[in-house]
Amino acid sequence: MLVLVAPGQGAQTPGFLTEWLDLPGAADRVAAWSDAIGLDLAHYGTKADADAIRDTAVAQPLLVAAGLLSATALGDIVPGAVAGHSVGEITAAAFAGVLDDTAALSLVRKRGLAMADAAAITETGMAALLGGDPETTVAHLEKLGLTPANINGAGQIVAAGTREQIAALEADKPEGVRRVVVLQVAGAFHTHHMGPAVDTLAKAAEALTPGDPKVTYVSNKDGRAVATGAEVLERLVGQVANPVRWDLCMETFKELGVTALLEVCPGGTLTGLAKRALPGVRTLALKTPADLDAARELIAEHAA
């Protein structure tokens with residue numbers, strides 16, 4: 001059984017879309033998406049520097065576009081399940097047939113703009129904590145006023161809060177935590193700081209007509225499989241201000257009997273977590289078109 005997954009913000013790197021645009025039809029597809037959402041995805045995916053693509057309003061649609069483009073290059077796929085980390089859930093919703101590509105990109109463009117506006121209200125940030133006991137770590141974060149915004153499993157929790165709270169965490173890390181790595185993101189995503197973005201996204205979602213998932217859709221909220229498009233959309237709106245529980249998603253992958261995990265472009269982050277948390281599960285990350293042949297072999301062996 002194959003699960004197809006999509007990474008979240010922070011996975012993008014300068015020029016990562018360049019080789020993908022050389023594939024037949026890819027440049028035209030990206031140009032049409034760019035026109036639809038008013039953002040030059042090809043420019044940002046090929047020529048923009050790290051600071052430009054760190055902008056939340058740019059990074060999020062760029063990641064969804066990359067995920068859709070790389071999945072399209074694989075041909076017809078019938079995975080046993082789909083999931084995405086944070087903004088990657090919108091990519092997964094498109095994989096599952098809940099949203100078409102244009103609707104997914106329109107929604108993520110509005111999401112990115114709304115979250116960027118919310119992040120501008122207060123100077124906030126995020127930091128990854130490596131190692132340590134999850135319960136001890138979460139209790140320590142709460143003592144410092146921080147939110148465990150991403151509980152990723154495999155010994156990784158991402159904290160979010162004000163810049164002052166992040167600085168306090170660096171000076172006083174939880175017992176057992178080896179490292180605190182401040183992330184290059186523009187705000188405290190998946191916390192109450194993103195509250196204003198929820199209202200904006202809810203209004204945007206009202207204009208959409210979601211379909212029910214055609215394959216098992218695993219949600220960040222609680223790792224549960226969601227059966228209706230309406231609930232998927234409701235969860236996509238609420239997750240911008242609530243923690244990502246990727247650890248519970250991976251527990252569900254185990255329960256479903258997943259034997260292989262394929263991460264779409266720009267792959268690597270979720271594959272790394274799976275290697276540590278899902279022993280025995282085959283993993284592959286789509287980083288460049290050179291990975292497509294290996295991905296097709298994996299699909300042939302493990303997909304329905």
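Residues numbered from 1 in each chain as written. Predicted model: local features only at pLDDT ≥ 70, side-chain atom pairs only at ≥ 80, totals over all residues. Heavy atoms only, no water.

With an unreviewed UniProt entry as reference, the protein chain is termed [acyl-carrier-protein] S-malonyltransferase, source organism Streptomyces edwardsiae. Looking at the protein chain in UniProt, the text filed under Catalytic activity (unreviewed entry) is "holo-[ACP] + malonyl-CoA = malonyl-[ACP] + CoA". (UniProt positions renumbered as here; feature names shortened; annotations may be inferred.)

**Looking at the environment of Arg282**
Its place among the elements puts Arg282 in strand S10 (residues 282-285). What makes Arg282 partly exposed here is its relative accessible area of 40%. C-alpha of Arg282 to C-alpha of His85: the two residues are 197 residues apart in sequence and 19 Å apart in space. Not counting chain neighbours up to four residues away, the residues in contact with Arg282 comprise Thr259, Ala260, Leu261, Leu298, Glu301 and His302. In this structure the side chain of Arg282 is engaged in a polar contact, spanning 3.1 Å, whose partner is the side chain of Glu301. (Helix = DSSP H or I, 4+ residues; strand = E, 2+ residues; numbered from the N terminus. Buried < 20%, exposed > 50% of the residue type's maximum accessible area, 1.4 Å probe, protein only. Contact = heavy atoms within 4.5 Å. Polar contact = N/O pair within 3.5 Å; in protein donor to acceptor, adjacent residues only side chain to side chain.)

**Description of the pattern of salt bridges**
Counted under the stated rule, the structure contains nine salt bridges. Of the charged contacts in the structure, one is a salt bridge between Arg54 and Asp51, with a shortest N-O distance of 2.6 Å. Highlighted residues: Arg54 and Asp51, both in helix H3 (residues 50-54), separated by three residues, approximately one helical turn. Shared partners join several salt bridges into a network, and the residues in it are Asp222, Arg224, Glu231 and Arg235. (Salt bridge = Lys/Arg side-chain N within 4 Å of Asp/Glu carboxyl O.)

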